[in-house]
Amino acid sequence: MEKISSNQCFGGWQQQFSHDSAVLDCRMRFAVYLPPQVAHGQRVPLLYWLSGLTCSDENFIHKAGAQRVAAELGIAIVVPDTSPRGAAVADDEAYDLGQGAGFYLNATQPPWARHYRMYDYVSQELPSLIAAYFPVNGRSAIAGHSMGGHGALICALKRPQDYVSVSAFSPIAHPVNALWGQKAFSAYLGDDQQTWREWDASLLMAAANVDAHRPCRVDIGLADGFLAAQLQPEALENAAAASGYPLQLHRHEGYDHSYYFIASLIEAQLRFHATQLFAMPG
């Protein structure tokens, strides 16, 4: 693992690293914010942040403004890239497929299957790396935006044992019924739509057993141009009602899909996670 950069920020450190990923068969980059508490030997809980289409790890760390509150609360933040990268990695000219658009699933179809196993990377390989090299205490939450909101939700729904809470900004909530999801799922998973269902947050939430429930907050902007066609939060709301899943869905007048929205509400989401990350186990 190689440290790319380290900058002091609100008494803590914003850092970037690269490493060779066995799961993705390429070199990967991720960002970590370490709050000031780690300088005193304290192990801290952490939040995984999954970014959206066309993003890398840098969009969140530069635009969201999360470090101030994370420093106050004593929460580390880990931000992976959104896909495998490199000249040998399959790509597409479109912004919503290929590099920068991994959709946090495990691809099964050529040419994608060799590298595009982002679900295994963000839910297993990267957490193992973080646990081995950083002063974290084993309590984790997960959040994301848009495609990354979809990723955060499916990670928490498929591996609830790994997270104490989950949140999302403007998630692609029902991708089997949205053009972004249909395009990506067709390419990565093939034509059998039954295989798509295990990567759809609304379908997973509707079937979630009560033992797998985790506190969940979703924020959407009502001025989001993607709201009706691509995001479909009402599908998630209906799914939560069907299974009794503890979803808090907050609708915000005037806000859109941008990082201005994320920067406006990131403190509320971090404080939401803090109530779970610092709760006494059991």
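A few points on the structure. Computed from a predicted structure; not experimentally measured.

### Structural notes on the overall build of the chain
- Helix and strand counts for the chain stand at 9 helices and 9 strands.
- Computed over the C-alpha atoms, the radius of gyration of the chain is 18 Å, within 12% of the 19 Å expected from 2.2 N^0.38 for a compact globule of 282 residues.
- Seen through its principal axes, the chain has C-alpha atoms that stretch 50 × 45 × 35 Å.
- Each of the 282 residues in the chain was classed as buried or not, and the buried ones make up 60%.
- Here the analysis covers contacts within the chain between residues at least 6 apart in sequence; of these, 73% occur between residues at least 24 apart.
- Total accessible area on the chain stands at roughly 11,200 Å², and carbon and sulfur atoms take up 50% of it.
- Seen as two clouds, the 18 positive and the 26 negative side-chain charges of the chain have centres 7 Å apart.

### Concerning the pattern of salt bridges
- One pass over the full model with this rule turns up 14 salt bridges.
- With its nearest N and O atoms 3.5 Å apart, the salt bridge here joins K158 to E198. Here the residue K158 occupies a position in helix 4 (residues 147–158), and E198 occupies one in the loop between helix 5 (179–189) and helix 6 (201–206), the gap between them amounting to 40 residues.
- Owing to a relative accessible area of 25%, K158 belongs among the partly exposed residues under this scheme.
- The shortest N-O distance in the salt bridge between E237 and R251 comes to 2.9 Å. In this pair, E237 is assigned in helix 8 (residues 233–243) and R251 in strand 9 (residues 247–252), connecting sequence segments 14 residues apart.
- On the basis of relative accessibility, which here comes to 33%, the residue E237 falls in the partly exposed class.
- If you follow the salt bridges from partner to partner, you end up with R68, E72, E267 and R271 in one network.

Each value, and the rule that gives it
- Residues numbered from 1 in each chain as written.
- Predicted model: local features only at pLDDT ≥ 70, side-chain atom pairs only at ≥ 80, totals over all residues.
- Heavy atoms only, no water.
- Helix = DSSP H or I, 4+ residues; strand = E, 2+ residues; numbered from the N terminus.
- Rg over C-alpha atoms; globule rule 2.2 N^0.38 Å.
- Buried < 20%, exposed > 50% of the residue type's maximum accessible area, 1.4 Å probe, protein only.
- Contact = heavy atoms within 4.5 Å.
- Areas by Shrake-Rupley, 256 points an atom, 1.4 Å probe, with all protein chains shown as cover.
- Lys, Arg positive; Asp, Glu negative; His and termini not counted.
- Charge placed at Lys NZ, Arg CZ, Asp CG, Glu CD.
- Salt bridge = Lys/Arg side-chain N within 4 Å of Asp/Glu carboxyl O.

Any functional reading would require information beyond the geometric quantities listed.
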